[in-house]
Amino acid sequence: MRVANRTAVKRTVIVIGAMVAVGALVTSCGGKVSNSGGTDSKQLVLIPGVADEPFYISMQCGARDEAAKLGYRLDTQAPTKFDAGAQTPVLTGVVANRPAGILIAPTHATAMAGPLEQAKDAGIKIVEVDTALQNTSVALSSISSDNKKGGALAAATLAKLVGEKGSVLVINTKAGTSTTDERAEGFQDAIKSYSGITALGVQYNNNEAAQAASIITATLAAHPDLAGVFATNLSSAEGAATGLRNANKLGQVKLVGFDASPKQVEDLKAGTVQALIAQDPAGIGATGVDQVVAALEGKPVTRNIQTAMIAITQTDMNANAKYFYKRTC
Ligand code: T6T
């Protein structure tokens with residue numbers, strides 16, 4: 001069974017482990033949903049956090065393939081910005097077309113609750129993929145990495161890289177994003193156990209790579225002895241790498257980043273980043289489809305499912321290329 005297999009994969013991996021959008025955008029693999037009548041019983045819609053981002057593109061690929069296997073159609077409609085104000089009108093537009101199920105990565109743990117409750121009240125089955133609402137009564141199932149554990153894994157990895165001493169900084173995305181908040185929390189909790197490490201706290205890049213680069217510049221000015229950085233997602237890690245490159249601190253300041261976009265993989269290869277914590281976005285998408293279809297077909301649904309994660313370094317990157325995220329399906 002898919003879920004059981006994925007859980008087994010996760011265990012293995014961790015042991016080894018070491019538009020602003022009012023109109024909805026149809027991403028490259030999707031098609032527009034239109035429905036002038038009632039619910040379309042075979043139509044699913046994936047609403048990612050933001051359009052054209054390798055994590056969500058990989059998720060879409062997994063979800064679309066699984067939906068086709070199960071005899072359903074899956075379209076993707078995404079906001080152009082990772083923001084509740086941009087995602088809400090996309091969701092409202094999708095709900096008006098009455099698909100049978102929605103897979104959504106809510107961009108804010110509380111701000112997306114109202115619009116999603118309305119979707120549920122319209123009789124649409126809701127499954128959360130990656131991020132989640134604080135209110136657990138809206139979605140039938142939530143599929144994600146174990147983000148707290150991922151943060152702790154990042155702390156252990158960074159501590160080793162800096163020789164368990166010096167100052168370390170967390171660059172997080174946007175407060176209120178369930179996943180990255182959990183990663184930062186897991187990191188901060190775990191880093192406390194290293195007496196030689198000073199935690200400089202958490203700064204937010206608003207999910208903009210350029211802001212992460214500026215945070216690096218400012219932090220290096222205030223703390224020239226900065227030893228390490230944990231970047232909680234793709235945008236923060238890509239931007240942190242750029243910041244370190246601009247400051248000529250490559251390799252001197254160790255960088256551990258969540259995710260494995262093509263740019264992040266290039267940065268790992270170049271030695272700008274020392275470790276990546278790759279997730280399984282295709283698995284999250286496929287498992288999300290399994291769950292929403294189970295709900296639609298009156299079969300049992302699993303409330304919370306955790307998927308694989310793996311820490312990848314330059315040494316083992318070739319062996320782990322299957323975990324790298326895609327730009328197209
Ligand atoms: O890290 C992923 C995702 O898990 C997170 O919730 C938001 O950022 C990403 O999409 C990467 O940009």
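Thresholds applied
Residues numbered from 1 in each chain as written. Predicted model: local features only at pLDDT ≥ 70, side-chain atom pairs only at ≥ 80, totals over all residues. Heavy atoms only, no water. Pairing = 2+ DSSP bridges. Helix = DSSP H or I, 4+ residues; strand = E, 2+ residues; numbered from the N terminus. Axes fitted to C-alpha atoms, helices over the stretch in contact; angles between N-to-C directions. Parallel < 35°, antiparallel > 145°, perpendicular 65-115°, else oblique. Contact = heavy atoms within 4.5 Å. Nonpolar A, V, L, I, M, F, W, Y, C, P; charged D, E, K, R; others polar. Buried < 20%, exposed > 50% of the residue type's maximum accessible area, 1.4 Å probe, protein only. Arc of directions from axis to C-beta. Expected span 1.5 Å × (residues − 1). Near = heavy atom within 4 Å. Polar contact = N/O pair within 3.5 Å; in protein donor to acceptor, adjacent residues only side chain to side chain. Areas by Shrake-Rupley, 256 points an atom, 1.4 Å probe, with all protein chains shown as cover. Salt bridge = Lys/Arg side-chain N within 4 Å of Asp/Glu carboxyl O.

## Re the sheet that holds strand 13 (residues 309-313)
- On the basis of which strands lie adjacent, the open sheet formed by six strands has the order 8-7-9-10-11-13 and mixed pairing. In the strand order of this sheet, the two ends are held by strand 8 (197-204) and strand 13, each with one partner. Sheet twist, expressed as the mean angle between neighbouring strand axes with direction ignored, is 15 degrees.
- Sheet topology places strand 7 (residues 166-172) next to strand 8; six bridges connect them, and they run parallel. Considered in strand 8, the bridge of Val168 is made with Ala199.

## Concerning the packing of helix 3 (residues 84-96) against helix 4 (residues 113-121)
- Contact geometry of helix 3 with helix 4 gives a least axis separation of 10 Å together with a crossing angle of 5 degrees. Classified by the angle between their axes, helix 3 and helix 4 sit roughly parallel to one another. When helix 3 is examined against helix 4, the residues Thr88, Leu91 and Val95 are found in contact with a partner set consisting of Pro115, Leu116 and Ala119.
- Residue composition of the contact of helix 3 with helix 4, by class: five nonpolar, one polar and no charged.

## Notes on unusual backbone geometry
- If you check the backbone angles, Asp52 has positive phi at about 55 degrees while not being a glycine.
- Looking at where Asp52 falls in the secondary structure, it is placed in the loop between strand 2 (40-47) and helix 2 (54-69).
- Positive phi, normally seen in glycine, also occurs at Asp130, with a value near 75 degrees.
- By the element assignment, Asp130 lies in the loop between strand 5 (125-129) and strand 6 (141-145).
- Its relative accessible area of 8% is what places Asp130 among the buried residues.

## What about helix 4?
- Residues Ala113, Pro115, Leu116 and Ala119 constitute the buried set of helix 4. End-on, the buried residues of helix 4 take up no more than an arc of 165 degrees, which puts them together on one face. When the buried face of helix 4 is taken as reference, the exposed residues oriented beyond 90 degrees from it are Gln118 and Asp121.
- In the core, the buried residues of helix 4 are packed alongside helix 3, strand 4 (99-104) and strand 5.
- Looking one or two residues past helix 4, Gly123 carries a phi angle of roughly 90 degrees, positive in sign.

## Considerations on the environment of Ala210
- As for its placement among the helices and strands, Ala210 is situated in helix 7 (residues 209-222).
- Classification of Ala210 as exposed rests on a relative accessible area of 56%.
- In this structure the C-alpha to C-alpha distance between Ala210 and Gly239, which are 29 residues apart in sequence, comes to 5.6 Å.

## Observations concerning helix 10 (residues 281-296)
- Across its 16 residues, helix 10 extends 23 Å between first and last C-alpha, which sits within 8% of the 22 Å expected from 1.5 Å per residue.
- In terms of burial, helix 10 is a largely internal element, 14 of the 16 residues being buried.

## Section: the site of the ligand
- If you check the shell around the ligand, you find Glu53, Phe55, Tyr56, Asp130, Thr131, Thr179, Arg183, Asn233, Leu234, Asp259 and Gln279 and nothing else.
- Residue Glu53 places a side-chain N or O atom 2.4 Å away from an oxygen atom belonging to the ligand.
- Between the ligand and Arg183, the relevant distance is 2.7 Å, taken from an oxygen atom to a side-chain nitrogen or oxygen of the residue.
- Against a free-state accessible area of 310 Å², the protein chains account for coverage of 99% of the ligand.
- Listed by contribution, the elements that provide at least two residues to the shell around the ligand are helix 2 and helix 6 (178-191).
- Partitioned by chemical class, the residues of the shell around the ligand number three nonpolar, four polar and four charged.

## Description of the side chain of Ser141
- Assignment of secondary structure puts Ser141 in strand 6.
- Of the polar contacts made by the side chain of Ser141, one reaches the backbone oxygen of Thr302; its length is 2.8 Å.

## A look at the pattern of salt bridges
- The final tally for this structure, using the stated rule, is ten salt bridges.
- Here Asp189 makes a salt bridge to Lys148, at a shortest N to O gap of 3.9 Å. Residue Asp189 is located in helix 6, and its partner Lys148 is located in helix 5 (residues 147-161); the two are separated by 41 residues in the primary sequence.
- Judged by its relative accessible area of 40%, Asp189 falls in the partly exposed class.
- When the shortest N-O distance is used, the salt bridge between Asp267 and Lys263 registers 2.8 Å. With Asp267 and Lys263 both in helix 9 (residues 262-270) and four residues apart, the pair spans about one turn of that helix.
- Exposure remark for Asp267: the relative accessible area of 3% places this residue in the buried category.

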